[in-house]
Amino acid sequence: MYLTTETQNICRLLGESERLYDTRILQAYPFEYQPTKPRHAVICVSPDGADYNACSLGQSGFQGSYRIALDFFVPQRFGSPVTQDILEDALCAVRDTGVSRIQTGKIQSDNELGCFTVSCILTYPSVLYLTEEKLWTPTREQ
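Presented here is a report on the structure given in the accompanying data block. Keep in mind that what you see is a predicted model, and the values were worked out from it rather than measured. (Residues numbered from 1 in each chain as written. Predicted model: local features only at pLDDT ≥ 70, side-chain atom pairs only at ≥ 80, totals over all residues. Heavy atoms only, no water.)

Moving on, we get to the overall build of the protein. Scanning the protein from terminus to terminus reveals two helices and seven strands. Within the protein, buried positions represent 35% of all 142 residues. Nonlocal contacts in the protein, meaning residues at least 24 apart in sequence, comprise 59% of its contacts between residues at least 6 apart. Just so you have it, the protein exposes about 9,200 Å², and 49% of that area is on carbon and sulfur atoms. (Helix = DSSP H or I, 4+ residues; strand = E, 2+ residues; numbered from the N terminus. Buried < 20%, exposed > 50% of the residue type's maximum accessible area, 1.4 Å probe, protein only. Contact = heavy atoms within 4.5 Å. Areas by Shrake-Rupley, 256 points an atom, 1.4 Å probe, with all protein chains shown as cover.)

Structural data, given as structure tokens:
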């Protein structure tokens, strides 16, 4: 489960937010290292994993949650208060997505990247069904 649709939805919502108009939104891919010094504020969205438990023995349904990571990179010249503002604006943009838990780290300065960084994990409740053909996760529309 790569959570591709879910990360794309979060990227779209963040990109549509008027409050984040000058922030770049990227969909990240794990295990790819590309050092750079951002000129603009950047939010990197990636899957962070999932946890599921069987609903009952012998059933194909599992109940649990999946996590989406948001990693923020804000040039140091913007200042750390701007980093906090961008984090808050991003959380406002995704508040109506069904998120059940939000975890944020503290803002740190990364001199190698020349930016302030902070990470955020969004947790969403989910039901997963295992069939012979594939994994199936119902969406809100279903």
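Another point: the state of the cysteines. If you walk through the whole model with that rule in mind, you get zero disulfides. Distance from the sulfur of Cys11, which forms no disulfide, to the nearest cysteine sulfur (Cys44) is 8.2 Å. (Disulfide = S-S within 2.5 Å.)

Let's shift gears to the pattern of salt bridges. Counting across every chain of the model gives five salt bridges. The salt bridge partner of Arg67 is Asp48, with a shortest N-O separation of 3.2 Å. Residue Arg67 is found in strand S3 (residues 61-75), and its partner Asp48 is found in strand S2 (residues 41-54); the two are separated by 19 residues along the sequence. According to the relative accessible area criterion, Arg67 is buried, its value standing at 18%. According to the relative accessible area criterion, Asp48 is partly exposed, its value standing at 36%. For Arg95, the salt bridge goes to Asp96, with nearest N and O atoms at 3.9 Å. Judged by its relative accessible area of 61%, Asp96 falls in the exposed class. (Salt bridge = Lys/Arg side-chain N within 4 Å of Asp/Glu carboxyl O.)

The next point concerns helix H2 (residues 80-93). When the terminal C-alpha atoms of H2 are compared, their 20 Å separation across 14 residues agrees well with the 20 Å that a helix rising 1.5 Å per residue should span. Along its buried surface, H2 packs onto helix H1 (4-16), strand S1 (23-27), S2, S3, strand S4 (101-104) and strand S6 (115-130). (Expected span 1.5 Å × (residues − 1).)

For H1, spanning 13 residues, the distance from its first C-alpha to its last is 18 Å, which sits close to the expected 18 Å at 1.5 Å a residue. Those residues of H1 lying buried are Thr7, Ile10, Cys11 and Leu14. Seen from one end, H1 has its buried residues packed into an arc of 100°, which puts them on one side. Next to the buried residues of H1 lie S1, S2, S3, H2 and S6. (Arc of directions from axis to C-beta.)

Moving on, we get to the nonpolar core. Grouped together as the largest cluster of nonpolar side chains are 26 residues, with contacts concentrated most on Ile10, Leu14, Ile43, Leu70 and Phe72. For this core, the secondary-structure elements that each account for two or more residues are H1, S2, S3, H2 and S6. Top contributing element to this core by residue count: S3, with six residues. Among all residues touching Ile43, those that are not within four sequence positions of it are Leu14, Leu20, Thr23, Arg24, Ile25, Leu26, Leu70, Asp71, Phe72, Ile86 and Ala90. (Core = buried A, V, L, I, M, F, W, Y, C linked by side-chain atoms within 4.5 Å.)

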